[in-house]
Amino acid sequence: MLEKALQGSKIYWAWVAALLGLIGIGFFTYLYQYSQGLGVTGLSRDVSWGFYIAQLTYLVGVAASGVMLVLPYYLHDHKTFGKLTILGEFMAVSAVLMCMMFVLVDLGQPKRMLNVILFPTPNSILFWDMFVLSGYLGLNIVIGWMVLHSENKRGELPKWVKILIYISIPWAISIHTVTAFLYSGLPGRHLWLTAILAPRFLASAFAAGPAILLLIMFVMRKAANFHVPDKAVNTLSIIITYAMILNVFFLLLEMFTAFYSNIPGHIHAFEYMFVGSHGKWAMVPWMWASVLLGVFSLVLLIVPKWRKNPKTLVAALITLVASTWIEKGMALVVVGFIPNPLDQYTEYAPTLPELVISAGVYAVGLLVLTLLFKIALGVRAEAANA
Amino acid sequence: MDSARRNFLKIAGLAAAGLTLKPAGNALGMGVIVPEPEGAAGFDNALSAKRWAMVVDTRKFTAQARKAAVAACNKAHNVPDIKNSKHAIKWLWEANFKNAFPEMAGPHVPPQVEREPMLVLCNHCDSPPCVRVCPTKATFKRADGIVVMDFHRCIGCRYCMAACPYGSRSFNYVDPRQHLGQTNVDFPTRTKGVVEKCNFCAERLARGQKPACVEACRNNELIFGDLADPNSSVNQALRQNFTLVRKPELGTQPQVYYII
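Cut-off values and rules
Residues numbered from 1 in each chain as written. Chains lettered and ligands numbered in written order. Predicted model: local features only at pLDDT ≥ 70, side-chain atom pairs only at ≥ 80, totals over all residues. Heavy atoms only, no water. Salt bridge = Lys/Arg side-chain N within 4 Å of Asp/Glu carboxyl O. Helix = DSSP H or I, 4+ residues; strand = E, 2+ residues; numbered from the N terminus. Buried < 20%, exposed > 50% of the residue type's maximum accessible area, 1.4 Å probe, protein only. Core = buried A, V, L, I, M, F, W, Y, C linked by side-chain atoms within 4.5 Å. Contact = heavy atoms within 4.5 Å. Axes fitted to C-alpha atoms, helices over the stretch in contact; angles between N-to-C directions. Parallel < 35°, antiparallel > 145°, perpendicular 65-115°, else oblique. Left-handed = near helix turned anticlockwise from the far one by under 90°. Pairing = 2+ DSSP bridges. Polar contact = N/O pair within 3.5 Å; in protein donor to acceptor, adjacent residues only side chain to side chain. Buried area = accessible area lost by both parts, 1.4 Å probe.

(A) How the structure looks around the pattern of salt bridges. All names here are of chain B. Applying the stated criterion across every chain, the model contains 18 salt bridges over all chains. When the shortest N-O distance is used, the salt bridge between Arg-66 and Glu-116 registers 3.1 Å. A residue pair is termed long-range when its members are at least 10 positions apart, and Arg-66 in helix H3 (residues 63–76) and Glu-116 in the loop between helix H5 (111–115) and strand S3 (118–121) qualify at 50 residues. You can call Glu-116 partly exposed: its relative accessible area is 29%. Taken together, the shared-partner salt bridges connect Arg-66, Lys-67, Glu-94 and Glu-116 into one network.

Quick look at the structure:
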């Protein structure tokens, strides 16, 4: 089946070449970071995690969200998702790969990466995050491949693959739960120290992940005549709507607890994010942009007329992805460090090398996604012609 | 204790277990625990304790004593002098009361307390979150309570920095050796990409010396000793004075006490 990735139009090859170019630029920039140290990033003593770890967090959500196609199909026999689950699984593969690379580029001593395995430390959540992420990667590679393989051979899905699929459903929940635990178990980081961090992560993931997938499907419909049943689009957009409502609801719950309890530590981060504090307000325009984009997308999604109109739906999905990405892929990780434990305000902004390296990682993910989807489409096309 | 010595002891322990035909589990190395000498032994005159702790007597401190303590620490541990505050390495440093004890700051703190900075450092917590989160055991708590770093095992993930509620950990964002004046050959310099922090001068204790900062303070501004020994100077100071620890509500059980 692999050969299907090697047959494509000029546009396909141009796209692949562009991604390879980005990967190359990202790689050389990484070599620069590797030789100079993480000082080339915007990270600091006070804000010691930034753009890389934030992307990891966001992409774990994207990876987990594949379950929103798998679960309705395999547990509720929602038939219109039948041809789409494979996309969820392949998107998970690509997203988990990016997650792992974002951890790698964030390490100060990447050569010693294997110490995590050589000296396994179950009391560290990072150990478990590595465990669940690599497990999820393996599950989705095997499942995705076998689903495609059986389609290719026009055969039934073997029983053991179905068992793996059932395992992958709670496993998807676990990867984002464990990723939330990275943060929510740390004393003294008030923004993160909340029991609803895992549910918040899942809600935003189940809104943003399927939104990204739907957008990709629309692109594929245009570029590759990919057939997306309207019913599937409807169901997915309803899932996205509910998940986004929950996401916003959870965020408001956090604010209620912070402001009604009036406990300074709990208020500080929100204050810094939305109005600025101690003359520092770098995050303020972003946060309000996130709010406006989020509200805009919710209005478009909640009104059935607009949700069902492909044009307004696309606008809703794009703004939803932007809104959740600002909140989770920029603010949540960074603002957890502001103010620092000594109540001092050090701000953070990613540097150019940091952004270029991140773009390189995203390009790797997109390339993997492109190749996998190409193979899937190739297999489908052959089956249709047969 | 260096790893060669530790490995030698392990092998010796295994051999001994084998020779005396200990139960199979032991012979396989499953239950063989090599007793670590108290403290970081290696020298006959090593200082050892069951639980090292420090008392900072902020009343006694002068600006001069604080500077002397910080300078002694930086010199003893090859702490680089990095001008960019974002990349700074700090083991022992000065902080204002409102920063060291943000929960207690307010409009009615005595001016003396508000004005005079105090020394802050790693609290060598009894329940250290940094140790809990480290994915490689590169940071660990010794039997005598000191929380130390293995600079050679650290992968630089900085999870410990997120976990430490005292901001006591620093990361080498740049090559620290470029920012060293004179190098102290008795303590390793570090490479870029690893985390570091105060180690209660574990290497000096092993040589029978008190921590550098304690030694630099001539007026008992810093008191260092064994909490398990009722007659130790720290216990005396704790009995005679009301002391604070930083952020006790977090359950980390800091072992650096402040007399305000």
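(B) How the structure looks around the nonpolar core. Judged by nonpolar contacts, the single largest core of 189 residues is most densely connected at A:Met217 and B:Met54. Top element by residues in this core is helix H8 (residues 197–224) of chain A. It accounts for 16 residues. Those residues in contact with B:Met54 that lie beyond four places of it in its chain are B:Leu121, B:Phe200, B:Cys213, B:Val214, B:Leu222, B:Ile223, B:Phe224, B:Val234, B:Gln255, B:Val256 and B:Tyr257. Counting residues in hydrophobic clusters, the runner-up holds eight residues, among them B:Ala53, B:Val234, B:Val245 and B:Ile259.

(C) Region of interest: the packing of H8(A) against helix H13 (residues 310–335) of chain A. Residue and element names in this part refer to chain A. Contact geometry for H8 and H13: axes closest at 9 Å, N-to-C directions at 140°. As the angle between them shows, H8 and H13 are arranged oblique. Here the hand of the crossing between H8 and H13 comes out left-handed. Contacts between H8 and H13 pair Leu-197, Arg-200, Phe-201, Ser-204, Ala-205, Ala-207, Ala-208, Ala-211, Ile-212, Leu-214, Leu-215 and Phe-218 from the former with Leu-313, Val-314, Leu-317, Ile-318, Leu-320, Val-321, Thr-324, Glu-327, Lys-328 and Leu-332 from the latter.

(D) Quick peek at the sheet that holds strand S10 (residues 256–259) of chain B. All names here are of chain B. Across the sheet, four strands lie side by side as S8-S1-S10-S9; this open sheet has mixed pairing. In this open sheet, the two strands that pair with only one neighbour each are strand S8 (222–226) and strand S9 (243–244). Strand direction decides the pairing type here: strand S1 (residues 52–57) and S10, joined by four bridges, are parallel. Residue Val-55 lies in a different strand from S10, and its bridge partner there is Tyr-257.

(E) Local environment of the side chain of A:Thr179. Residue and element names in this part refer to chain A. Mapped onto the elements of the fold, Thr-179 is located in helix H7 (residues 159–184). With a relative accessible area of 0%, Thr-179 lands in the buried category. For Thr-179, the side chain forms a polar contact with the side chain of Asp-129, separated by 3.1 Å. When neighbours within four sequence positions are excluded, Thr-179 is seen to be in contact with Thr-57, Val-60, Asp-129 and Phe-201.

(F) Region of interest: the interface of chain B and chain A. Taken together, the contacts link 47 residues of chain B with 42 residues of chain A. Summed over both partners, the interface of chain B with chain A buries about 3,500 Å², with 54% contributed by carbon and sulfur atoms. On the chain B side of the interface with chain A, the three residues burying the most area are B:Ile155, B:Tyr159 and B:Tyr173, jointly 20% of the side's total. Across the salt bridge formed by A:Asp106 and B:Arg158, the nearest N and O atoms sit 2.6 Å from each other. Our enumeration of links across chain B and chain A arrives at 28 residue pairs in polar contact (both at pLDDT 80 or more).

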